[in-house]
Amino acid sequence: MPRKPPEIVTHALELFAPLGTVRVKSMFGGWGFYLDDLFFALEAWETLYLKADAESEKAFIDAGCSRFVYTQKDGKTFSMGYWTAPEETLDSPAAMAPWARLAIDCALRNRKPKKPRRNTG
């Protein structure tokens with residue numbers, strides 16, 4: 001039986017609604033957000049994170065956001081190119097829109113090309 005998403009995931013889907021059809025997928029104890037086939041946001045530990053790269057992360061830094069950081073069982077720290085959403089963006093879809101667009105643009109820039117299908121016949 002699929003697990004029920006936490007309130008932050010349901011709320012984030014409402015915030016992302018103006019973007020189009022966003023789907024959510026359970027993954028690694030958290031949740032991933034997809035617009036079409038673009039993975040642009042994630043939820044972990046009741047926190048929403050948006051995808052960023054060298055081109056967009058300065059906006060997140062300037063807004064006082066925090067990078068996604070995970071400490072493994074062996075004590076090693078692991079980080080990914082995801083940043084917390086600015087607090088005020090959680091208030092409305094209009095406030096979230098420019099930040100979600102940054103994350104989607106980042107996902108587009110960093111999209112891996114699909115591998116061509118091999119003809120097996």
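Further up the page is the structure itself.
Trainee: Give me a nonpolar patch on the surface: which residues, what numbers.
Mentor: On the surface, Trp 45, Tyr 70 and Phe 78 cluster together to form a nonpolar patch covering roughly 330 Å² of accessible area. Position of Tyr 70 relative to the elements: it lies in strand 5 (residues 67-71). For Tyr 70, a relative accessible area of 33% puts it in the partly exposed group.

Trainee: Before we move on, could you go through the nonpolar core and cite the residues and values that matter?
Mentor: By size, the foremost hydrophobic cluster in this structure holds 25 residues, and its most contacted members are Phe 16, Phe 33, Phe 40, Leu 48, Leu 50 and Met 96. Elements supplying a minimum of two residues to this core: helix 1 (7-16), strand 2 (30-35), strand 3 (38-44), strand 4 (47-51) and helix 3 (93-109). Sort the elements by how many residues they give to this core and helix 3 lands first, with six residues. Each residue touching Leu 48, except ones within four places of it in the same chain, is listed here: Ala 12, Phe 16, Phe 33, Ala 41, Leu 42, Trp 83, Thr 84, Ala 85, Leu 90 and Met 96. If you look at the next biggest cluster of nonpolar residues, it comprises five residues, including Leu 42, Ala 44, Tyr 49 and Phe 68.

Rules used in this analysis
Residues numbered from 1 in each chain as written. Predicted model: local features only at pLDDT ≥ 70, side-chain atom pairs only at ≥ 80, totals over all residues. Heavy atoms only, no water. Patch = residues over 30% accessible without salt bridge, like charges linked within 9 Å, V, L, I, M, F, W, Y side chains within 5 Å. Areas by Shrake-Rupley, 256 points an atom, 1.4 Å probe, with all protein chains shown as cover. Salt bridge = Lys/Arg side-chain N within 4 Å of Asp/Glu carboxyl O. Helix = DSSP H or I, 4+ residues; strand = E, 2+ residues; numbered from the N terminus. Buried < 20%, exposed > 50% of the residue type's maximum accessible area, 1.4 Å probe, protein only. Core = buried A, V, L, I, M, F, W, Y, C linked by side-chain atoms within 4.5 Å. Contact = heavy atoms within 4.5 Å.

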